[in-house]
Amino acid sequence: MYPVPVAGVRELLVTSGSTMAAVEVARQMSEGARNLSLSGHVGFDSMPDQLVNKSVCQGFCFNILCVGETGLGKSTLMDTLFNTRFEGDPAAHNQPGVHIKSNNYELQESNVRLKLSIVNSVGFGDQINKEESYKSIVEFIDAQFEAYLQEELKIKRTLHNYHDSRIHVCLYFIAPTGHSLKSLDLVTMKKLDSKVNIVPIIAKADSISKNELQKFKIKIMSELVSNGVQIYQFPTDDETVAEINGTMNAHLPFAVVGSTEEIKIGNKMMKARQYPWGTVQVENENHCDFVKLREMLIRVNMEDLREQTHARHYELYRRCKLEEMGFKDTDPDNKPFSLQETYEAKRNEFLGELQKKEEEMRQMFVMRVKEKESELKEAEKELHDKFDRLKKLHQDEKKKLEDKKKSLDDEINAFKQRKTAAELLQSQAQQSGSQQTLKRDKERKNFF
């Protein structure tokens, strides 16, 4: 027998008008009701575990840009930081310009896979003219932003398996001069601070004393603040990491020493650098800040660096690019302006400009045709004039030839007449000569 719902019973009894019967039925049902308990919790508190499992299956990506002069130990520090010897040849000092070299690696720690990209600025600071040393770095960062933006703007996007090549952190290596930052360092960091998270690093910190190092740190931070350079600050809004991040912000810039050589110290093998005067232990916080850098960069704030890259630097680039294309969120009256309205406005503006250009081209075409017609008419007129001149010249030459031919014919006729007369005279002379000869012969005969 199926139990009747309490609400249905109440409606039935109220409809019949029997209040006492309703109370009695309700009492009996409450006495016979069973108390059911849930077999388990609802389960939406497992959402973080689901997200973690999904993220672990997909893997993570992290892209590091190393900027600094050649010979400051950028590659050595990367090998030390990830406890891996990455492949790569040392850069020469005779590079004609700064070019970017990117290497991709896949690392695994426990069951977590990391797609690591290490980008190196080869030849940075080696040229005599360092005026445009930062340009290739800025262009590379913008190119990665542009590639991600183009993927976002596609109709059919594949961001779930897109290889994100945007730079998440820039480790800027500062030469351990102990005096102040170079102009090249200030200019480059000023150009990069709105595009990438900058973490300044004093390279080869074992080359200066402890007191000089502390003064150098204070000098660097003072120069960065006075020049308006915004470096990455470890976040303190999360209670779990607020204390350690607040403490580490006071240690910036980190003074680091890198080494891939292991030396036996006591009973342990440790990464260190051996000198004639002693040994510098890389993972000893009394010797350098390498452990602090590793903790802040990888263990504590790696995800925040990724989020800051997307939420701050990429969004700034995306906003600027869309504004250049004419897309805005508000109209001139600061009222909301949808993407469709922006598209229609740009389309109408484009069509208006297109019609204007078509009209200008049509008018220009008509003008060019008229100019060409006038040029052709002038050329035709010149040809006719030239033809007339040649025709007249031909007629004059023909007349001259005819006159010359006539004079030659007259001369020929006169010559023929003279020739005939000469022949006649000659024949007459010959006849008279022969007659005289006959006469002399005859006279001679008569004489004898």
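Residues numbered from 1 in each chain as written. Predicted model: local features only at pLDDT ≥ 70, side-chain atom pairs only at ≥ 80, totals over all residues. Heavy atoms only, no water.

(A) Structural view of the overall build of the protein chain. The helix and strand inventory of the protein chain stands at 11 helices and 9 strands. Residue burial in the protein chain is summarised as follows: out of 448 residues, 30% are buried. Pairs at least 24 residues apart make up 66% of the contacts formed inside the protein chain by residues separated by at least 6 positions. (Helix = DSSP H or I, 4+ residues; strand = E, 2+ residues; numbered from the N terminus. Buried < 20%, exposed > 50% of the residue type's maximum accessible area, 1.4 Å probe, protein only. Contact = heavy atoms within 4.5 Å.)

(B) Region of the structure containing the nonpolar core. Residues F62, I64, M78, L171, F254 and L293 are the most contacted members of the largest nonpolar core, which totals 73 residues. The contact partners of F254, leaving out residues within four places of it in the chain, are V199, P200, I201, I202, F234, M248, D289, K292, L293 and M296. (Core = buried A, V, L, I, M, F, W, Y, C linked by side-chain atoms within 4.5 Å.)

(C) Inspection of the environment of N103 at higher detail. Positionally, N103 belongs in strand β2 (residues 99-109). The exposure class assigned to N103 is partly exposed, which follows from its relative accessible area of 25%. A sequence separation of 13 residues divides N103 from L116, and the C-alpha atoms of the two residues are 8.3 Å apart.

(D) Inspection of the side chain of T70 at higher detail. Its location among the elements puts T70 in the loop between β1 (60-67) and α4 (74-81). In terms of polar contacts, T70 uses its side chain to reach the side chain of D126, at 2.7 Å. (Polar contact = N/O pair within 3.5 Å; in protein donor to acceptor, adjacent residues only side chain to side chain.)

(E) Representation of the packing of α4 against helix α9 (residues 290-300). Between α4 and α9, the least distance of the axes is 11 Å, while the angle of their chain directions is 70°. By the criterion of interaxial angle, the relationship of α4 to α9 is roughly perpendicular. Two packed elements cross with a definite hand, and for α4 against α9 that hand is right-handed. Side by side, α4 and α9 meet where L77, T80 and L81 of the first sit next to F290, L293, R294, L297 and I298 of the second. (Axes fitted to C-alpha atoms, helices over the stretch in contact; angles between N-to-C directions. Parallel < 35°, antiparallel > 145°, perpendicular 65-115°, else oblique. Left-handed = near helix turned anticlockwise from the far one by under 90°.)

(F) Molecular detail of the environment of K74. Assignment of secondary structure puts K74 in helix α4. Distance from K74 to L171, taken between C-alpha atoms, is 8.9 Å for residues 97 residues apart in sequence. Excluding anything up to four places from it in sequence, K74 contacts C66, V67, G68, E69, N120 and F173.

(G) Structural context of the packing of helix α8 (residues 239-249) against α9. Interhelical geometry of α8 versus α9 gives an angle of 140° and a closest axis separation of 11 Å. Between α8 and α9, the angle falls in the class oblique. Relative to α9, the crossing made by α8 is left-handed. The residues of α9 that touch α8, namely those facing V241, I244, N245 and M248, are K292, M296, R299 and V300. When grouped by side-chain class, the residues that make up the contact of α8 with α9 number 5 nonpolar, 1 polar and 2 charged. (Nonpolar A, V, L, I, M, F, W, Y, C, P; charged D, E, K, R; others polar.)

(H) The arrangement of a negative patch on the surface in detail. Residues E378, E382, D385 and D388 make up a contiguous surface patch of negative charge. Judged by relative accessible area, which is 34%, D385 ranks as partly exposed. (Patch = residues over 30% accessible without salt bridge, like charges linked within 9 Å, V, L, I, M, F, W, Y side chains within 5 Å. Areas by Shrake-Rupley, 256 points an atom, 1.4 Å probe, with all protein chains shown as cover. Salt bridge = Lys/Arg side-chain N within 4 Å of Asp/Glu carboxyl O. Lys, Arg positive; Asp, Glu negative; His and termini not counted. Charge placed at Lys NZ, Arg CZ, Asp CG, Glu CD.)

(I) Here's a closer look at the sheet that holds strand β7 (residues 262-265). Across the sheet, 3 strands lie side by side as β7-β8-β9; this open sheet has antiparallel pairing. Edge positions in the open sheet fall to β7 and β9 (278-281), since each of these has one partner strand only. Looking at each pair of strands side by side, their axes are set apart by 65° on average, direction ignored. Bridge count between strand β8 (residues 268-275) and β9: 4 bridges; the pairing is antiparallel. Residue Y275 lies in a different strand from β9, and its bridge partner there is G278. (Pairing = 2+ DSSP bridges.)

(J) Quick look at unusual backbone geometry. Here L252 and P253 are connected by a cis peptide whose omega angle stands at -5°. Residue placement: P253 occurs in the loop between α8 and β6 (254-255). You will see that S110, though not glycine, has its phi angle at about 60°, which is positive. Within the element layout of this structure, S110 appears in the loop between β2 and β3 (112-122). Accessibility expressed as a relative area gives 69% for S110, which makes it exposed.

(K) View of the environment of N286. Along the chain, the position of N286 falls in the loop between β9 and α9. Linking N286 and K210, residues 76 residues apart in sequence, is a C-alpha distance of 9.9 Å.

(L) Structural context of the sheet that holds β2. Within the open sheet, the 6 strands sit side by side as β2-β3-β1-β4-β5-β6. Their pairing is mixed. Looking at which strands have only one partner, the edges of the open sheet turn out to be β2 and β6. By the bridge criterion, 11 bridges tie β2 to β3 in an arrangement that is antiparallel. Bridge pairing in β3 places N104 opposite S117. Here α4 sits on the sheet in contact with β1, β3, β4 (169-174) and β5 (198-202), set at roughly 150° to β1.

(M) Layout of the packing of aromatic side chains. One pass over the structure, following the stated rule, counts 10 aromatic pairs. By the ring-pair criterion, three or more aromatic residues cluster together here, those being F145, Y148, Y162, Y314 and Y317. The cationic tip of R166 hangs over the ring face of Y148; the distance from NZ or CZ to the ring centre is 3.7 Å. R166 extends its terminal NZ or CZ atom over the ring of Y314, reaching a point 4.9 Å from the ring centre. (Phe/Tyr/Trp six-rings, centres within 6.5 Å; stacked < 30°, edge-to-face > 60°. Lys NZ or Arg CZ within 6 Å of the ring centre and 35° of its normal.)

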